[in-house]
Amino acid sequence: MDKKISARNVSVIYRGKFNQEPVLACEGVDLEVEEREFVSIVGPSGCGKTTFLYAVDGLLPINTGEIRVNDRPVTAPGADRALVFQNAALLPWRTVWGNITYGLKLKGDLNQEKVSKVENLVDLVGLKGFENRYPSQLSGGMQQRANLARGLAVNPDILLLDEPFASVDAQTREKLQLELTQIWARTQKTMLLVTHDISEAVFLSDRVIVFSARPARVREVIDVAIPRPRSLETKHSELLQEYVQRIWNLIELPS
Amino acid sequence: MSSISSEPVVTNPVVTVPGLPPIPWSERYFRFLWGSVGIVGFLVIWQVSVVSGLVDRLFVSSPIDVIITAFRLLPSRDFMVHLISTAQCLFWGLLIAVFIGIVVGLPLGWFPTLNAMFEPVIAGIYGVPYIAFLPVIIMWTGIGMTSRIIIVVWSAVFPVMINAIQGAREVDTDYLRVGRSFSATNLQMFFTIALPSSVPYILAGLRTSIGRAIVGTVVAEFFMSSRGLGYFINLKANSLEMAPAFVAVVVLALFGIALVSLVTYIENRFCTW
């Protein structure tokens with residue numbers, strides 16, 4: 001197997017807080033992600049897509065089956081993956097720079113060379129000049145930029161994105177989506193995105209995986225044959241809308 | 001690598017446009033002004049009630065007497081001995097209380113098992129008025145600085161400890177995930193997530209602790225000391241010298257204000273987030 005990520009018959013039992021009833025979030029999920037591919041997972045709200053993403057990151061144990069990343073089974077979070085969180089989840093007591101370098105600092109791996117790489121990264125995500133701000137002094141969009149940079153800073157093979165643009169306003173979201181395609185092209189990372197925004201999924205992805213309602217299974221895999229590079233015109237093109245319509249029809253609305 | 005951001009990033013700078021009216025001083029210093037009016041008003045009513053004979057000068061003194069006495073008393077070596085003694089007791093007591101509160105509190109919040117085990121015990125001890133232990137502490141350590149500091153520590157440790165427990169216990173799940181996702185070790189989780197996230201809780205607890213520590217100091221000095229402002233107040237009041245007693249009370253109040261201001265300063269300086 002030379003897949004970047006492969007999940008076979010994965011079920012995940014999610015236990016929220018301590019002493020809370022467990023929930024079967026995913027059941028029998030099979031999927032594969034190729035190297036440098038951009039894959040999105042969409043599905044009805046609360047179907048367990050985020051839970052699945054956490055399992056790929058190694059934050060949650062899986063109940064049955066196996067998730068392999070770089071052909072090694074996932075047992076815990078590792079340096080080959082980084083998660084971009086839904087609510088930015090920047091540590092409020094650290095500056096933007098402190099947040100972006102957090103992963104490197106934990107590893108004691110912040111040498112001169114890394115510092116200049118992170119400086120480039122800060123520039124890439126458009127946060128130059130904001131390094132010394134605290135997260136509370138940033139707009140939602142800027143926070144998500146920092147969130148993204150924090151994930152990229154540890155130079156992972158795979159970036160796992162959990163609805164990263166869900167909480168920013170519509171205009172900023174479109175802009176960030178466009179930037180993400182460019183970052184993806186430049187950094188050549190494998191990206192796995194979870195989102196409830198279908199047009200976002202189509203716009204960004206090579207393939208869109210549609211999950212069923214909980215417990216989540218793979219309902220359909222859709223190849224997105226829209227040429228790259230994609231622009232904002234692509235976003236509003238008829239071709240993209242056709243994909244959106246097709247996927248929309250596949251999503252089971254929770255009763 | 002240049003920025004891929006398609007347009008320059010816009011921030012919200014504070015722009016002062018010439019020609020716009022400035023904030024009126026009555027608005028800018030609103031709380032300060034009316035706060036001053038409150039204090040002066042209170043002192044005037046107090047002075048008038050004493051002068052008019054509404055209250056007995058023998059028992060309450062008057063603001064002017066207190067101020068005159070303060071000028072006489074504060075530079076005197078006799079008073080300074082008491083002031084320094086109280087300051088020492090307060091300083092060491094608070095320092096030890098904060099240290100114990102944090103060092104014991106954070107692990108008790110961080111480890112769910114420890115938390116479940118010790119919370120009832122702490123709630124129990126916290127519920128007992130520490131003054132009830134005064135005779136016991138006198139039996140243990142006699143009368144002197146040690147027993148006074150024990151009382152101060154006892155009175156002040158719980159707000160810091162309980163807040164440290166809560167702080168370490170209620171760390172945002174998102175932050176914990178961030179740490180775990182970047183493969184933080186348990187020690188790193190504690191020092192880079194739990195500890196900084198608890199600091200605001202600890203400082204809030206410290207504010208409460210300061211008030212309790214001052215009460216503890218005075219109580220200790222009433223009963224187990226021949227020094228300190230508490231002892232001084234007791235001594236003077238018993239001989240109906242109200243002005244010196246009130247001076248000592250004011251000094252205690254100033255201690256409290258100074259210490260709370262220090263906490264505010266620390267908050268503004270280090271917890272700007």
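Our subject is the structure that appears above.
Bear in mind the structure is a predicted one, so any value in this text is a computation, not a measurement.

### Concerning the overall build of chain A
When helices and strands are counted, chain A shows nine helices and ten strands. Its C-alpha radius of gyration of 18 Å places chain A within 12% of the 18 Å reference for a compact globule of 255 residues. The principal-axis extent of the C-alpha atoms belonging to chain A is close to 50 × 45 × 35 Å. With 255 residues in all, chain A has 46% of them scored as buried. Restricting the contact set of chain A to residue pairs at least 6 apart, pairs at least 24 apart contribute 70%.

### Digging into the packing of helix H4 (residues 63–73) of chain B against helix H12 (residues 242–270) of chain B
All names here are of chain B. Following both chains from N to C, one finds H4 and H12 inclined at 80°, their axes separated by 9 Å at the closest point. It follows from the interaxial angle that H4 and H12 lie roughly perpendicular. Contacts from Asp65, Val66, Thr69, Ala70 and Leu73 of H4 reach H12 at Ala243, Pro244, Phe246, Val247 and Val250. A per-class count over the contact of H4 with H12 returns eight nonpolar, one polar and one charged.

### A closer look at helix H9 (residues 173–181) of chain B
Along H9 of chain B, the residues classified as buried are Tyr175, Arg177, Val178, Gly179 and Ser181 of chain B. At its buried positions, H9 of chain B is contacted by helix H1 (49–57) and strand S6 (81–84) of chain A together with helix H10 (186–223) of chain B. Just downstream of H9 of chain B lies serine 183 of chain B, where phi reads positive at about 60°.

### Here's the deal with the sheet that holds strand S8 (residues 190–194) of chain A
Residues and elements named next belong to chain A. Pairing within the open sheet is mixed, and its six strands lie in the order S6-S7-S8-S3-S9-S10. Looking along the sheet, the strands with just one partner apiece sit at the ends: S6 and strand S10 (218–223). With strand direction ignored, the average angle separating the axes of adjacent strands in the sheet is 15°. The pairing of strand S9 (residues 207–211) with S10 spans five bridges and is classified as antiparallel. Within the sheet, the bridge partner assigned to arginine 207 lies in S10 and is aspartate 223. Contacts between helix H5 (residues 140–153) and the sheet are confined to S6 and strand S7 (158–162), with S6 contributing the most and set at about 175° to the helix. Against the sheet, helix H9 (residues 238–250) contacts strand S3 (38–42), S9 and S10, and its axis sits at roughly 175° relative to S10.

### What to know about the pairing of S3 of chain A
Residue and element names in this part refer to chain A. Burial of S3 is extensive: five of the five residues sit out of reach of the surface. Burial along S3 is two-sided: Phe38, Ser40 and Val42 and Val39 and Ile41, pointing in opposite directions, are all buried. The sheet contact formed by S3 and S9 spans four bridges and is parallel. Within S9, the residue paired with valine 39 across the bridge is arginine 207.

### Notes on the interface of chain B and chain A
Every contact between the two is made by 21 residues of chain B and, on the other side, 28 residues of chain A. Of all elements in the fold, only H9 and H10 of chain B reach the threshold of two or more residues within the side of chain B that touches chain A. The biggest single contributor to the side of chain B that touches chain A is H9 of chain B, with six residues. Residues that form the side of chain B that touches chain A fall into these classes: ten nonpolar, eight polar and three charged.

### Section: the environment of tyrosine 265 of chain B
All names here are of chain B. Within the element layout of this structure, tyrosine 265 appears in helix H12. Assessed through the 10 C-beta atoms surrounding it within 10 Å, tyrosine 265 is described here as exposed. Sequence spacing of tyrosine 265 and leucine 235 is 30 residues, and the spatial spacing of their C-alpha atoms is 35 Å.

### Section: the sheet that holds strand S2 (residues 23–33) of chain A
All names here are of chain A. Reading across from one edge, S2-S1-S4-S5 is the order of the four strands in this open sheet, with antiparallel pairing throughout. A strand with exactly one partner marks an edge of an open sheet, and here the two such strands are S2 and strand S5 (72–73). Note: strand S4 (residues 64–69) against S5, two bridges, orientation antiparallel. By the bridge assignment, valine 69 is partnered in S5 with arginine 72. Sheet contacts for H1: strand S1 (5–14), S2 and S4; angle to S1, the most-contacted strand, approximately 115°.

### Some details on the nonpolar core
Ranked by size, the top nonpolar core spans 138 residues in total, and within it Ala149, Leu160 and Leu192 of chain A together with Val152 of chain B carry the most contacts. Sorting elements by how many residues they give to this core places helix H8 (residues 145–169) of chain B first, with 15 residues. Setting aside residues no more than four positions away along its own chain, valine 152 of chain B makes contact with Cys89, Leu90, Gly93, Leu94, Ala213, Gly216, Thr217 and Ala220 of chain B.

### Side note on the packing of helix H7 (residues 134–141) of chain B against H8 of chain B
Residue and element names in this part refer to chain B. Close contact between H7 and H8 brings their axes to 9 Å; oriented N to C, the two are set at 140°. For the pair H7 and H8, the sense of crossing is right-handed. Of H8, the residues touching H7 (which contributes Ile137, Ile138 and Thr141) are Thr146, Ser147, Ile150 and Ile151. Among the residues forming the contact of H7 with H8, the class breakdown is four nonpolar, three polar and no charged.

So, how was this worked out
- Residues numbered from 1 in each chain as written.
- Chains lettered and ligands numbered in written order.
- Predicted model: local features only at pLDDT ≥ 70, side-chain atom pairs only at ≥ 80, totals over all residues.
- Helix = DSSP H or I, 4+ residues; strand = E, 2+ residues; numbered from the N terminus.
- Rg over C-alpha atoms; globule rule 2.2 N^0.38 Å.
- Buried ≥ 20, exposed ≤ 12 C-beta atoms within 10 Å, placed from the backbone.
- Contact = placed C-beta atoms within 7 Å.
- Axes fitted to C-alpha atoms, helices over the stretch in contact; angles between N-to-C directions.
- Parallel < 35°, antiparallel > 145°, perpendicular 65-115°, else oblique.
- Nonpolar A, V, L, I, M, F, W, Y, C, P; charged D, E, K, R; others polar.
- Pairing = 2+ DSSP bridges.
- Core = buried A, V, L, I, M, F, W, Y, C linked by C-beta atoms within 7 Å.
- Left-handed = near helix turned anticlockwise from the far one by under 90°.

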